[in-house]
Amino acid sequence: MPSVMDHQPEAQLVVAGEFYADEDEIREQAASLGESVRLDTDYIPDDRVALYFSAADAVVQPYVTATQSGVAQIAFHFGRPVITTDVGGLAEIVPDGEAGLVVPPEDPDALATALVRFIEEDLGDELAAGVQRERVKYSWDRLFEAVEALVEAA
C-alpha cells in the first residue's frame, strides 16, 4: 500500500473479514498508513456483504497459497474486477486483463504496480465489462445446465 500511495495518495484500502494471521502486525502496518487504511476485521454477516463489495472499485486477493476462492465469484456477482495472485485456480477464474489483473504471489511490487495501473489507466469499466462476461460461467443457470447434462448422460 505505501507504493500505491506514492503514486495515488488518495487511494483507500479496506481490509474486511476475519484475520487468519498475526493481527497485531497487520494493525501496526495499517496504523502507519493513517486514514488510507480501514480495518473491519470482524466476521462480515451476510446482510453486510453487499455493502463492502458495492463500495469497492476492485477486490484485491493477495493470496500466498490457495486452491480457489469464493470471494472472486462474489466479487463477480457484484460486478467488481479482481486483482489477485496466480495461486491455485484463481487465474482460471480471473482472466488477466479481461476481468481483473493477475500477479505473481509473494511479490508486493507486482501487486502495487497492478493496483496503480488499475487506477491510472482507469481500468474499472473495462474490467467490469469482462466481469459481466465471465460471471455467466458461475450462474445458477449454468450450474443447472451442467447437472441436467449429467443426468441426461446417465
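The structure this text deals with has already been given above.
Note that the structure is a prediction, hence the values are computed from the model and not measured.

Each value, and the rule that gives it
Residues numbered from 1 in each chain as written. Predicted model: local features only at pLDDT ≥ 70, side-chain atom pairs only at ≥ 80, totals over all residues. Heavy atoms only, no water. Helix = DSSP H or I, 4+ residues; strand = E, 2+ residues; numbered from the N terminus. Buried < 20%, exposed > 50% of the residue type's maximum accessible area, 1.4 Å probe, protein only. Contact = heavy atoms within 4.5 Å. Areas by Shrake-Rupley, 256 points an atom, 1.4 Å probe, with all protein chains shown as cover. Lys, Arg positive; Asp, Glu negative; His and termini not counted. Charge placed at Lys NZ, Arg CZ, Asp CG, Glu CD. Pairing = 2+ DSSP bridges. Axes fitted to C-alpha atoms, helices over the stretch in contact; angles between N-to-C directions. Patch = residues over 30% accessible without salt bridge, like charges linked within 9 Å, V, L, I, M, F, W, Y side chains within 5 Å. Salt bridge = Lys/Arg side-chain N within 4 Å of Asp/Glu carboxyl O. Phe/Tyr/Trp six-rings, centres within 6.5 Å; stacked < 30°, edge-to-face > 60°. Core = buried A, V, L, I, M, F, W, Y, C linked by side-chain atoms within 4.5 Å.

Turning our attention to the overall build of the protein chain. The helix and strand inventory of the protein chain stands at eight helices and five strands. Listing every helix and strand of the protein chain by position from the N terminus yields α-β-α-β-α-β-α-β-α-β-α-α-α. Residue burial in the protein chain is summarised as follows: out of 154 residues, 36% are buried. In the protein chain, 51% of the contacts between residues at least 6 apart in sequence involve partners at least 24 apart. For the protein chain, the computed accessible surface area is about 9800 Å², with 52% contributed by carbon and sulfur atoms. Averaging the locations of the 9 positively and 31 negatively charged side chains of the protein chain gives two centres separated by 7 Å.

Further remarks concern the sheet that holds strand β3 (residues 59-61). In spatial order, the strands read β3-β4-β5; together these three strands make up an open sheet with parallel pairing. In this open sheet, the two edge strands, each paired with only one partner strand, are β3 and β5 (100-103). Neighbouring strand axes in the sheet, compared pairwise and without regard to direction, differ in orientation by 10° on average. Across four bridges, the pairing between strand β4 (residues 82-85) and β5 is parallel. Counted as the bridge partner of I83 is L101 from β5. Sheet strands touched by helix α4 (residues 70-77): β3 and β4. Its angle to β3, the strand with the most contacts, is close to 170°.

Looking now at a nonpolar patch on the surface. Together, W140, L143, V147 and V151 make up a nonpolar patch on the protein surface, roughly 470 Å² of accessible area in all. Take V147: it is sitting in helix α8 (residues 140-153).

Glancing now at a negative patch on the surface. A cluster of acidic residues, D22, D24, E25 and E28, forms a negative patch at the surface. With respect to the element layout, E25 can be found in helix α2 (residues 23-32). According to the relative accessible area criterion, E25 is partly exposed, its value standing at 43%.

The full count for this structure, using the stated rule, is one aromatic pair. When the centroid spacing of 5.6 Å and the interplanar angle of 15° are considered together, the rings of F53 and F78 count as stacked. One end of the pair, F53, is in helix α3 (residues 46-55); the other, F78, is in the loop between α4 and β4, with 25 residues separating them in the sequence.

This part is about unusual backbone geometry. A positive phi angle, close to 55°, is found at E106, a residue other than glycine. Tracing the sequence through the fold places E106 in the loop between β5 and α6 (108-120).

Counting 15 residues, the largest nonpolar core has V4, I83, L101 and F118 as the members making the most contacts within it. The set of elements that each furnish at least two residues to this core consists of β5 and α6. For this core, the element with the highest residue contribution is α6, accounting for seven residues. Excluding anything up to four places from it in sequence, F118 contacts D57, A58, P81, I83, L101, L123, G124 and L127.

Keep in mind these numbers describe shape, not what the thing actually does.
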